[in-house]
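Read off the chains here:
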Amino acid sequence: MTPGLLYLAASVFCSVTVAVLLKLARRWQVDVRQAIAMNYAVAALLCWTVLRPDPARLLAPQTPWLVLAALGVLLPSVFLAMAAALRHAGIVRSDAAQRLSLFIPLLAAFLLFGEPVSGRKLAAILLAFSALYCLLRQPRAQASGAGAPSDRRAMWLWPLVVWAGYGVIDILFKQMARSGTAFAGGLLLAFVLAGALMLAYLLWRRVRWQARHLAAGVALGLANFGNILTYIRAHQSLPEHPALVFASMNMGVITLGTLVGALAFREPLTRLNILGIALALCAILLMAPW
């Protein structure tokens, strides 16, 4: 395998590892809030040491502080939503919902930024929404046996929050890039703000800090940053094949997440859910800039 493909495989593995760690948090009785706070401390430290952002550009006049503030709030909030989605709906639906969020910026480009609509992109959006419906839809027989109404609602509500949340985060990162903020510097500032806000929340809640929760956060931070770093390296190693990186990353996460969820965690999949996964893969293929 070429270095670019190895980076792609590592990025897919790290992304699914984040989901697995969050899925196991409840079983291991890990306080997800403490783990997520430590995750941002680790990610910020790794961002500073590995990507080496230019200190002079971190506080430049064009720095979009409102966008960064929104990211500081949304990043930990959506991380918590992802943990809830994994707990209630499983890895298969949660990972697929996260990957389908990439169509929200595309929709925003049409509706907010005046990008012309093409037939291919419109078809991809329709496929993506159809996939999301199939993934979140619960047959009546299954829904009636899923427990209390609140549990049944959580099975589709939290993945929907994940889908919308990651889509908005993607739009904010694109807005940050348009402002001229360097990616490494903007990412570092977003991590620092997210970690600071999460720390302030935990201090306000007067949580009892425990080493095992923080150790879980270190593992989460390594996987989270590893996903970002290897995805960047894959693009750098395959500069002439952005479509390959884009499609392989998103399809790889959905496929591996499906295998891990179904085989390792015995998550039940209906025919409608399987159709949703197939539609999601088709939407990503259609969306890729071939």
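For the structure, see preceding data.
Description of the structure in this document. (Residues numbered from 1 in each chain as written. Predicted model: local features only at pLDDT ≥ 70, side-chain atom pairs only at ≥ 80, totals over all residues. Heavy atoms only, no water.)

## Things to note about the layout of surface pockets
Part 1 of the reasoning: Taken as a whole, the largest pocket encloses approximately 1600 Å³ of empty space.
Part 2 of the reasoning: Forming the boundary of the largest pocket are 48 residues, of which Arg99, Asp170, Phe173, Lys174 and Tyr231 lie nearest the centre.
Part 3 of the reasoning: The biggest single contributor to the lining of the largest pocket is helix H9 (residues 149-178), with 10 residues. (1 Å grid on protein atoms, 1.4 Å probe; cavity = no way out; pocket = protein on both sides within 12 Å on 5 of 7 lines; lining within 4 Å. Points joined across faces, edges and corners; volume = space filled by probe spheres on them. Helix = DSSP H or I, 4+ residues; strand = E, 2+ residues; numbered from the N terminus.)

## Some remarks on the packing of aromatic side chains
Part 1 of the reasoning: Summed over all chains, the structure comprises four aromatic pairs.
Part 2 of the reasoning: Considering the side-chain rings of Tyr40 and Phe79, the 6.0 Å spacing of their centres and the 75 degrees angle between planes classify their relative orientation as edge-to-face. Within this pair, whereas Tyr40 is found in helix H2 (residues 32-51), its partner Phe79 is found in helix H4 (residues 65-89), the two being separated by 39 residues in sequence. Exposure class is identical for Tyr40 and Phe79. Each is buried.
Part 3 of the reasoning: Seen from their ring centres, Phe129 and Trp163 are 5.6 Å apart, and the 75 degrees between their planes marks the pair as edge-to-face. (Phe/Tyr/Trp six-rings, centres within 6.5 Å; stacked < 30°, edge-to-face > 60°. Buried < 20%, exposed > 50% of the residue type's maximum accessible area, 1.4 Å probe, protein only.)

## Let's talk about the nonpolar core
Part 1 of the reasoning: Counting residues in hydrophobic clusters, the biggest one holds 56 residues, and the most contacted among them are Leu22, Leu51, Leu71 and Phe191.
Part 2 of the reasoning: Mapped onto this core, the elements with two or more residues apiece are helix H1 (3-27), H2, H4, H9, helix H10 (183-205), helix H11 (211-237) and helix H12 (242-264).
Part 3 of the reasoning: Per element, the largest residue contribution to this core is 11 residues, and it comes from H4.
Part 4 of the reasoning: When sequence neighbours within four positions are dropped, the list of residues in contact with Leu22 reads Val32, Phe79, Met82, Ala83, Leu86 and Leu220.
Part 5 of the reasoning: With 32 residues, the next largest nonpolar core counts Ala108, Leu136, Ile171 and Leu281 among its residues. (Core = buried A, V, L, I, M, F, W, Y, C linked by side-chain atoms within 4.5 Å. Contact = heavy atoms within 4.5 Å.)

## Things to note about a nonpolar patch on the surface
Part 1 of the reasoning: Taken together, the side chains of Trp156, Leu157, Trp158 and Val161 present a nonpolar region at the surface, about 310 Å² in accessible area.
Part 2 of the reasoning: The topology assignment puts Trp158 in helix H9. (Patch = residues over 30% accessible without salt bridge, like charges linked within 9 Å, V, L, I, M, F, W, Y side chains within 5 Å. Areas by Shrake-Rupley, 256 points an atom, 1.4 Å probe, with all protein chains shown as cover. Salt bridge = Lys/Arg side-chain N within 4 Å of Asp/Glu carboxyl O.)

## A short note on empty space enclosed by the protein
Part 1 of the reasoning: A full pass over the atoms with the stated rule returns one cavity of 30 Å³ or more.
Part 2 of the reasoning: Taken as a whole, the largest cavity holds about 40 Å³ of empty space.
Part 3 of the reasoning: Pro53, Asp54, Arg57, Leu58, Thr181, Ala182, Gly185 and Gly186 together form the lining of the largest cavity.
Part 4 of the reasoning: Counting residues per element, the ones that place at least two in the lining of the largest cavity are helix H3 (55-58) and H10.
Part 5 of the reasoning: Looking at the lining of the largest cavity, its residues break down into three nonpolar, three polar and two charged. (Nonpolar A, V, L, I, M, F, W, Y, C, P; charged D, E, K, R; others polar.)

## Let's talk about the packing of helix H7 (residues 119-136) against helix H13 (residues 271-287)
Part 1 of the reasoning: Put simply, H7 and H13 touch, their axes get as near as 8 Å, and they point 160 degrees apart. It follows from the interaxial angle that H7 and H13 lie roughly antiparallel. Note on packing geometry: the crossing formed by H7 with H13 is left-handed. Contact with H7, carried on its side by Arg120, Ala123, Ala124, Leu127, Ala128, Ser130, Ala131, Cys134 and Leu135, involves Leu272, Asn273, Leu275, Gly276, Ile277, Leu279, Ala280, Cys282, Ala283, Leu286 and Met287 of H13 and no other residues of that element.
Part 2 of the reasoning: Of the residues that constitute the contact of H7 with H13, the class distribution is 16 nonpolar, three polar and one charged. (Axes fitted to C-alpha atoms, helices over the stretch in contact; angles between N-to-C directions. Parallel < 35°, antiparallel > 145°, perpendicular 65-115°, else oblique. Left-handed = near helix turned anticlockwise from the far one by under 90°.)

## Focus on the pattern of salt bridges
Part 1 of the reasoning: Using the criterion set out here, one finds three salt bridges in the structure.
Part 2 of the reasoning: Salt-bridge contacts for Lys23 lead to Glu267; the nearest nitrogen and oxygen are separated by 3.7 Å. Taken together, the residues Lys23 in helix H1 and Glu267 in the loop between H12 and H13 connect sequence positions 244 residues apart.
Part 3 of the reasoning: Among the ionic pairs, Lys174 bridges to Asp170, the shortest N-O distance being 2.8 Å. Taken together, the residues span about one helical turn, with Lys174 and Asp170 both in helix H9 at a distance of four residues.
Part 4 of the reasoning: Accessibility expressed as a relative area gives 43% for Lys174, which makes it partly exposed.

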